[in-house]
Amino acid sequence: MFQTNLGSLKTMGFARYEKRDGVETAEIIEAALNWRHDFLSTQEGIAMHCFLGNDKGHFADAIMASDHQSFMAMSENHPQAKSSQKFMALLKPDSIRLAANTILKEDVVVPTDFSCIEFGTFSPKSPEQFDQKAMLDISDRIEEKYLSTFTEPRAHFMGKVDDTTYSEIAFVENLGMARRICNGYVQDDTCLKLLNIFDPESVDLDFWFKLA
């Protein structure tokens, strides 16, 4: 994992993808490490990168940046870098999904001592009645009344992808507890208030463990 202290962070990019047929997992991990060292770590405003996998055999990049401008500048420079080109050549192009999340919480810094990220996106059930502040108030109460009962969470915040898509992002000590904590949402009254805001058919959620 790459990280540097840039203070409060405003953007988290999350890119999900699959490797091409015939590409070994070790090969894609090595390419990710080279890309991080040769390109990503040289980009201004990039505070963190970790390379992740899930139990479906898919991969992801989590990238935290000081602001949206820094993240977009990195994204624009990305295709020209040789290490980026070598990395991208290993991926199925039509499998790539990128979400640039505006972090809707103050004073978020790079989490430490985590091995799993829960990343989920949702759309409001009733867009005309949706209240972002109310959602964030519920998120605060989840942290105070539910997440605080566990020792494994390392960070938690809501994000905004676009005008109709929001995200919930949690950094957790390990995969098992990330799943257990998430499953407990349906049994907790405060967490249910958040779940009731979103259209269940829009939910796109998975658990990702650190590979590099």
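This one's a predicted model, so the numbers in the text were calculated from it and none came from an experiment.

(A) Spotlight on the pairing of strand S9 (residues 204-210). Where strand S3 (residues 46-53) meets S9, two bridges bridge the pair, whose relative direction is antiparallel. What sits directly across from Gly53, in S9, is Phe209. The pairing of strand S6 (residues 116-122) with S9 spans six bridges and is antiparallel. Note on S9: the bridge partner recorded for Glu118 is Phe207.

(B) Summary view of the state of the cysteines. Under the defined criterion, the tally for this structure stands at zero disulfides. Free of any disulfide, Cys191 has its nearest neighbouring cysteine sulfur in Cys182, separated by 9.2 Å.

(C) Layout of unusual backbone geometry. Even without glycine at this site, Asp107 takes up a positive phi of about 60°. Checked against the element boundaries, Asp107 lands in the loop between strand S5 (97-103) and S6. By relative accessible area, which is 63% here, Asp107 ends up exposed. Not every positive phi belongs to a glycine, and Asp113 is a case in point at roughly 60°.

(D) Region of interest: the side chain of Thr121. Mapped onto the secondary structure, Thr121 falls in strand S6. When sequence neighbours within four positions are dropped, the list of residues in contact with Thr121 reads Val161, Thr165, Tyr166, Ser167, Ser202, Val203 and Asp204.

(E) Structural context of helix H2 (residues 68-77). Turning to H2, its buried residues number three or more, namely Ser70, Phe71 and Met74. The buried residues of H2 occupy one face: seen down the axis, they fall within an arc of 100°. Exposed residues pointing more than 90 degrees away from the buried face of H2 are listed as Gln69 and Glu76. Of the surrounding secondary structure, the elements contacted by the buried residues of H2 are strand S2 (11-17), S3, strand S4 (59-65) and S5.

(F) Inspection of the nonpolar core at higher detail. Of all hydrophobic cores here, the largest spans 24 residues; its most connected members are Met135, Ile142, Tyr146, Leu194, Ile197 and Phe198. For this core, the elements supplying multiple residues, two or more each, are S6, helix H4 (132-145), strand S8 (165-172), helix H5 (175-183) and helix H6 (189-195). Discounting chain neighbours no more than four positions away, the residues touching Phe198 are Phe122, Ser123, Pro124, Lys125, Met135, Met158 and Tyr166. Counting 23 residues, the second largest nonpolar core, distinct from the first, contains Ile28, Leu40, Ile46 and Ala81.

(G) Expanded view of the packing of aromatic side chains. Tallying each qualifying case throughout the model produces 13 aromatic pairs. On the basis of an interplanar angle of 50° and a centroid distance of 5.7 Å, the ring pair of Trp35 and Phe87 is categorised as tilted. Here the residue Trp35 occupies a position in helix H1 (residues 25-38), and Phe87 occupies one in helix H3 (residues 82-88), the gap between them amounting to 52 residues. Comparing Trp35 with Phe87 shows no difference in burial state: the two are buried. Taken together, a centroid distance of 5.7 Å and an interplanar angle of 85° make the contact between Tyr146 and Tyr185 edge-to-face. Residue Tyr146 is located in the loop between H4 and strand S7 (153-162), and its partner Tyr185 is located in the loop between H5 and H6; the two are separated by 39 residues in the primary sequence. With relative accessibility at 8%, the residue Tyr146 sits in the buried group. Pairwise contacts between aromatic rings join Tyr17, Trp35, Phe39, Phe51, Phe59 and Phe87 into one cluster. A cation sits over an aromatic face here: Lys210 above Phe114, 4.2 Å from the ring centre.

What counts and what doesn't
- Along each chain, numbering runs from 1 in the same order as the chain's sequence is written.
- With pLDDT at 70 or above as the cut-off, local features in this predicted model cover only qualifying residues; side-chain atom pairs require 80 or more to be listed or tallied, and sums for whole chains, interfaces and linings still use all residues.
- To get the side-chain values, take all heavy atoms of the structure and skip hydrogens and water.
- For two strands to count as paired, DSSP must find a minimum of two bridges between them.
- Labels follow the DSSP assignment, with helices taken as runs of H or I lasting at least four residues and strands as runs of E lasting at least two, numbered in each case from the N terminus.
- Disulfide assignment relies on a single distance test, namely cysteine sulfur atoms paired within 2.5 Å.
- Think of it in three bands: with a 1.4 Å probe and only protein chains considered, a residue is buried below 20% of the maximum accessible area for its type, exposed above 50%, and partly exposed in between.
- Any pair of residues with heavy atoms lying within 4.5 Å of one another is described as a contacting pair.
- Throughout, the arc means that of the directions going from the helix axis to the C-beta atoms.
- Working definition of a nonpolar core: buried Ala, Val, Leu, Ile, Met, Phe, Trp, Tyr and Cys residues. They are joined through side-chain atoms within 4.5 Å.
- To pair, rings of Phe, Tyr and Trp, with the six-membered ring standing in for Trp, must have centres within 6.5 Å; the planes then decide the type, stacked if under 30 degrees apart, edge-to-face if over 60, and tilted in the middle.
- In this scheme, the term charge over a ring applies when either NZ of a lysine or CZ of an arginine sits within 6 Å of the ring centre and within 35 degrees of the ring normal.

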